[in-house]
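Next come the chains, spelled out residue by residue.
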Amino acid sequence: QVQLVESGGGLVQAGGSLRLSCAASGRTFSDYTMGWFRQAPGKEREFVAAISWSGGSTYYADSVKGRFTISRDNAKNTVSLQMNSLKPEDTAVYYCATSTEVTMMRQLYDYWGQGTQVTVSS
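Quick summary incoming for the structure in this document. Per-chain numbering applies: the sequence of each chain, read as written, is numbered from 1 onward. A pLDDT threshold of at least 70 governs which residues receive local features in this predicted model, and a stricter bar of 80 or more applies before side-chain atom pairs are shown or counted, although totals over entire chains, interfaces and linings include all residues. Based on all heavy atoms of the structure, the side-chain values leave hydrogens and waters out of the count.

Take the pairing of strand 3 (residues 18-25) next. The two faces of strand 3 differ: L18, L20, C22 and A24 on one face are buried, but R19, S21, A23 and S25 on the other face are not. Sheet topology places strand 1 (residues 3-7) next to strand 3; 5 bridges connect them, and they run antiparallel. Its bridge partner lying in strand 3, V5 is registered against A23. Here 6 bridges tie strand 3 to strand 8 (residues 78-83), and the two strands are oriented antiparallel to one another. Each residue of the ladder has a partner; that of R19, found in strand 8, is Q82. Residue exposure (1.4 Å probe, protein chains only): buried if accessible area is under 20% of the type maximum, exposed if over 50%, otherwise partly exposed. Each helix is a run of H or I in the DSSP string that is no shorter than four residues. Each strand is a run of E no shorter than two, and both are numbered from the N terminus. For two strands to pair, DSSP has to find at least two bridges joining them.

Further remarks concern the state of the cysteines. Any covalent bond linking the sulfur atoms of two cysteines counts as a disulfide. To count as a disulfide, a pair of cysteine sulfur atoms needs to be within 2.5 Å. Overall, the coordinates contain 1 disulfide when judged by the stated rule. Here C22 is linked by a disulfide to C96, with a sulfur-sulfur distance of 1.9 Å. Its S-S torsion of about 45° marks the bond between C22 and C96 as right-handed, since a negative value means left-handed. Of this pair, C22 sits in strand 3 while C96 is found in strand 9 (residues 92-99), placing the two residues 74 residues apart along the sequence.

Moving on to the sheet that holds strand 1. Spatially, 1-3-8-7 is the arrangement adopted by the 4 strands of the open sheet, whose pairing is antiparallel. At either margin of the open sheet sits one strand with a lone partner, and together these are strand 1 and strand 7 (68-73). On average, each strand axis in the sheet is tilted by 15° relative to the strand beside it, whichever way the strands run. All axes are obtained by fitting lines to C-alpha atoms, using only the stretch in contact for helices, and the reported angles, taken between N-to-C directions, cover 0 to 180 degrees.

One broad rule of soluble globular proteins: the nonpolar side chains tend to lie buried together. If you look at the biggest cluster of nonpolar residues, it comprises 32 residues, and the most contacted ones within it are W36, L81, M83 and Y94. Elements with a contribution of two residues or more to this core: strand 3, strand 4 (33-39), strand 5 (46-51), strand 7, strand 8, strand 9 and strand 11 (116-121). Per-element accounting of this core gives the leading share, 5 residues, to strand 5. Here, nonpolar core refers to any group of buried Ala, Val, Leu, Ile, Met, Phe, Trp, Tyr and Cys residues whose side-chain atoms link them within 4.5 Å.

On to the environment of S121. Looking at the secondary structure, you find S121 in strand 11. Note: C-alpha distance between S121 and E44 (77 residues apart in sequence) is 21 Å. Not counting residues up to four positions away in its chain, the partners in contact with S121 are L11, V12, Q13 and A14. Throughout, a contact is declared for two residues whenever any of their heavy atoms are within 4.5 Å.

With that settled, consider the environment of F37. Residue placement: F37 occurs in strand 4. Looking at F37, the relative accessible area reads 0%, which means it is buried. Each C-alpha atom, one on F37 and one on A14, is 20 Å from the other, the two residues being 23 residues apart in sequence.

Given below as structure tokens:
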């Protein structure tokens, strides 16, 4: 079974930083795109960032471009999301997910973690 476990969430003041990590098991990690999504209360889950299997291509939502950085370590089966200059509107549950496609489309991600809460206070 594929398992994705996120960690690193928490409470931070606006302007601060957090680093999220996602540990994967159960499939050949290096074969798949990894993505980060987030869901705020009352809102749909939205794309945040994605990284191709090799790490050579990365994609970001406009709202986080220049502030967030996605990276992966295929030797350790982990993907990370470095979040800088955090804003209150970044508050959400953050999920990592895996896909066989290089995509930003939520529907094409087939396995999901349980999520980690990020709260940014003003």
